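So the chains spell out like this:
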Amino acid sequence: MSKNVLILSASPRKGGNSDLLCDQFMRGAAEAGNKAEKIFVRDKKIAYCTGCGTCFGTKKCSIKDDMTNVLDKMVAADVIVMAIPVYFYTMNGQLKTLIDRTCARYTDISDKDFYFIVAAADPDIQAMERTLEGFRGFTSCLEGPTEKGIIYGTGAWNIGEIKGSKAMEQAYEMGKAV
Ligand SMILES: Cc1cc2nc3c(=O)[nH]c(=O)nc-3n(C[C@H](O)[C@H](O)[C@H](O)COP(=O)(O)O)c2cc1C
């Protein structure tokens, strides 16, 4: 069955290591007959959550920006891929800002399959665990999430350095198998 795959690429570097892994994942997913879309988060206007509480009863955010559309896509997706550069052993600000802004409708992001993509200079996969826990902090607030896979784009510092790595192949194969 064809799935609706949404890829949130949160690196500020277009063509950065995590973004390249997203492209591989997307290529695999599309080749397998799925509908795959990548959102390059930096291209979107997404303000910080202000914690105003408007959404608590209304499910509507008081801020009118691109997040409304991103949230619609997250709710509609079967598969959500979250990709980040690791900054100080946690997710970078772009993705955290996006996650915080799901507040109005996170209860509608139900029964999704999740894949996580991390890019980091550190080659040690174990060192990524606390970053992954950040993703899980979000998914643990959702109904029926399934963590389906992780791609470790580790040992890559400079832009594009991930090219030719095993992670590139894994991202393609994981995308193909969604
Ligand atoms: C502000 C900043 C903080 C970083 N912190 C870490 C870190 O804690 N651990 C690490 O392994 N790499 C760290 N890096 C390196 C990036 O994770 C690495 O360059 C990665 O490939 C960037 O992914 P991207 O190309 O998708 O943007 C940091 C880079 C920047 C700019």
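See the structure shown above.
Bear in mind that the values here come from a model prediction, so they are computed numbers and not experimental data. (Residues numbered from 1 in each chain as written. Predicted model: local features only at pLDDT ≥ 70, side-chain atom pairs only at ≥ 80, totals over all residues. Heavy atoms only, no water.)

**What about the nonpolar core?**
Defined as follows: Buried residues of nine kinds, namely Ala, Val, Leu, Ile, Met, Phe, Trp, Tyr and Cys, make up a nonpolar core once their side-chain atoms join them within 4.5 Å. Here's how the labels work: a residue is buried when its accessible area is under 20% of the maximum for its type, exposed when over 50%, partly exposed in between, all with a 1.4 Å probe on protein chains only.
In terms of nonpolar packing, the biggest core is built from 30 residues, with Leu8, Met74, Met82 and Phe135 touching the most fellow members. Listed in part, the 19 residues of the second largest apolar core include Val5, Cys22, Ala83 and Ile117.

**Some points on the site of the ligand**
Here is the rule: Consider each residue's heavy atoms; a residue with any of them within 4 Å of a molecule or strand counts as near. Under this definition, polar contacts are N or O atom pairs within 3.5 Å; protein pairs additionally need one hydrogen-donor-capable and one acceptor-capable atom, and for neighbouring residues in sequence, both atoms have to be side-chain atoms. Each accessible area is a Shrake-Rupley result for a 1.4 Å probe, and residues are judged covered by the shown protein chains and nothing else. In this analysis, the protein atoms alone were mapped onto a 1 Å grid. Cavities are point sets where a 1.4 Å probe fits without being able to get out; pockets are open sets with protein on both sides within 12 Å along at least five of seven lines; lining residues have an atom within 4 Å of a point. Pocket occupancy is defined atom-wise: a molecule lies in a cavity or pocket when more than half of its atoms are within 2 Å of its grid points. Every helix listed is a DSSP run of H or I at least four residues long, and every strand listed is a run of E at least two residues long, numbered separately from the N terminus. Only Asp, Glu, Lys and Arg are considered charged, only Ala, Val, Leu, Ile, Met, Phe, Trp, Tyr, Cys and Pro nonpolar, and every remaining residue, Gly among them, polar.
Taken together, 16 residues lie near the ligand, and Ser11, Asn17, Ser18, Val86 and Ala156 sit nearest. Backbone polar atom of Asp122 to an oxygen atom of the ligand: 2.8 Å apart, as the coordinates give it. When the ligand is considered free in solution it has 650 Å² of accessible area, and contact with the protein chains removes 82% of it. When atoms are counted within 2 Å of each cavity's grid points, the one that captures over half of the ligand is the largest pocket. Elements represented by at least two residues in the shell around the ligand include exactly helix H1 (17-31) and strand E3 (79-87). The biggest single contributor to the shell around the ligand is E3, with 3 residues. For the shell around the ligand, the per-class residue count stands at 10 nonpolar, 4 polar and 2 charged.

**Details of the layout of surface pockets**
The line we're drawing: Grid points are joined across faces, edges and corners, and a volume is the space filled by probe spheres set on the points.
Taken as a whole, the largest pocket encloses approximately 340 Å³ of empty space. Along the walls of the largest pocket sit 18 residues, with Val86, Tyr87, Ala120, Ala121 and Trp157 positioned nearest its centre. When residues of the lining of the largest pocket are traced back to their parent elements, those giving at least two are H1 and E3. A total of 3 residues in the lining of the largest pocket trace back to one element, the largest contributor, which is E3. Here the residues of the lining of the largest pocket sort into 12 nonpolar, 4 polar and 2 charged.

**Quick look at unusual backbone geometry**
At Phe88, a position not held by glycine, the phi torsion is positive, near 50 degrees. With relative accessibility at 84%, the residue Phe88 sits in the exposed group. Positioned with a positive phi, Asp111 is a non-glycine residue whose angle comes to about 55 degrees. Along the chain, Asp111 turns up in the loop between helix H4 (93-100) and strand E5 (113-119).

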